[in-house]
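Fold and contact review
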Amino acid sequence: MISVYIDLAIGLVLAFLFLSLMVSGANEALVRLFGIRSKFLWAYLRDTLDGGRGDGRSWVPAKVTDVFARLPFSGADPRPRHEAEPAPPVVEPVPAPRVDMTERLYERLREIDHPKGARTSISDIPPERFSGAVMELVAAEEGGVEGLLAKLEAIGSPLAGHLRGVWESAQRDLGRFRKGVESWFDGEMERLSGLYRRYVKWVIFALALALTLVFGMDSLEYGKTLLRDNAYRAGVAAIAGGGGEGLAALREKCAVSGTAEPYDCVTEAFSSPALVKIFDHSLVSVTIPPDGERDPSFNWNGASWWDRLISPGHWPGYLITVVALLFGASFWWDVLRRLTGLRGRRSG
């Protein structure tokens, strides 16, 4: 009896894993398509190096709608233009009275850029690379760190206050100053990553809800199917465990007295593979012929899908699916590994 519930858990986890991968893939596709991660980083850098926008607003979005609406579609792109040429070998002093410090920073980071469009695609700056760029700017100034700080204060760069604090904490020692800049920038990137993840989780929720409804994935109904259909449950467990043990169990369940070979039953059970049968109630379902000679067929289920969607009886199952997908693919992959490992040890 315990093995039945383990197989049930494996089947549910497999479905959640597959859907979570789809949610993660859709999110990553959106982020890459619109360069959201890169824009988010450079919005922060513009706020830190040059201050807010001309209208007084911050470059970093204040709301989740800004991250996925204003940031990707606004004409004011915070990223510098991509430059194919390497960084100039000689660093010029910071000019006065006004300079674009974001462009100055990008000038020292061109080597880690990749051409993906008119704008830079840099979405991550190693702290040691940032501190190296700052030290190059320091070396170009006649007064060293003090000279750079004086110019940053003159042009009103918020970076001046941060670097001033690091310089005083380092007791005006260049080696400690560089390490301090690394630590400060690393902390800022951690804070920025946390802010970005807070925004992204709402997008993950929206994608999880959309995919759950489109595929009609009622977790409670699917769990009942696994419990009632022994052959299907064994087939799902076999696919998850990758093995002959599950197939042997399936053959045993399909065996009929007086039948020489139960392969017809096995073939019928696998005529709709587990990862396809999970979505039998989706807006568009897929049927794979058991003989393997014909192409899969796609079926439009608009009417039945809508009836399920507006039926309150399916809403609890939909809600469980959405909540499960918020844990992410890595969580369900780890759970699946633990379950299949536990199952293997019990069988041995």
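See the structure above.
Attention here is on the structure that accompanies the text.

Reading the values: the criteria
Residues numbered from 1 in each chain as written. Predicted model: local features only at pLDDT ≥ 70, side-chain atom pairs only at ≥ 80, totals over all residues. Heavy atoms only, no water. Helix = DSSP H or I, 4+ residues; strand = E, 2+ residues; numbered from the N terminus. Buried < 20%, exposed > 50% of the residue type's maximum accessible area, 1.4 Å probe, protein only. Contact = heavy atoms within 4.5 Å. Areas by Shrake-Rupley, 256 points an atom, 1.4 Å probe, with all protein chains shown as cover. Phe/Tyr/Trp six-rings, centres within 6.5 Å; stacked < 30°, edge-to-face > 60°.

1. Digging into the overall build of the protein chain
Secondary structure summary: the protein chain contains 16 helices and two strands in total. Out of the 348 residues in the protein chain, the part that is buried amounts to 45%. Considering only intrachain contacts with a sequence separation of at least 6, the fraction spanning at least 24 residues in the protein chain is 64%. Accessible area for the protein chain stands at about 18200 Å²; split by element, carbon and sulfur atoms hold 59% of it.

2. Quick word on helix H3 (residues 64-73)
Within the span of H3, buried status applies to Asp66, Val67, Arg70, Leu71 and Pro72. Those residues of H3 that are buried lie in contact with helix H1 (2-34), helix H2 (36-49) and helix H8 (174-215).

3. Things to note about the packing of aromatic side chains
By the definition in use, this model includes 12 aromatic pairs. Residues Trp167 and Phe177 carry aromatic rings whose centres are separated by 5.4 Å and whose planes lie at 90° to one another, so their mutual orientation is edge-to-face. Taken together, the positions of Trp167 in helix H7 (residues 159-169) and Phe177 in helix H8 put the pair 10 residues apart, joining distant regions of the chain. Here the aromatic residues Phe16, Phe327, Phe331 and Trp332 are joined through ring pairs into a cluster of three or more.

4. Concerning unusual backbone geometry
You will see that Gln171, though not glycine, has its phi angle at about 55°, which is positive. Positionally, Gln171 belongs in the loop between H7 and H8.

5. Looking at the environment of Ser219
Within the element layout of this structure, Ser219 appears in helix H9 (residues 219-228). In the structure, Ser219 is positioned 103 residues away from Val322 in sequence and 9.5 Å away in space, judged by C-alpha atoms. In this view, Ser219 contacts Leu12, Phe16, Gly317, Ile320 and Thr321; residues no more than four positions away in its chain are not counted.

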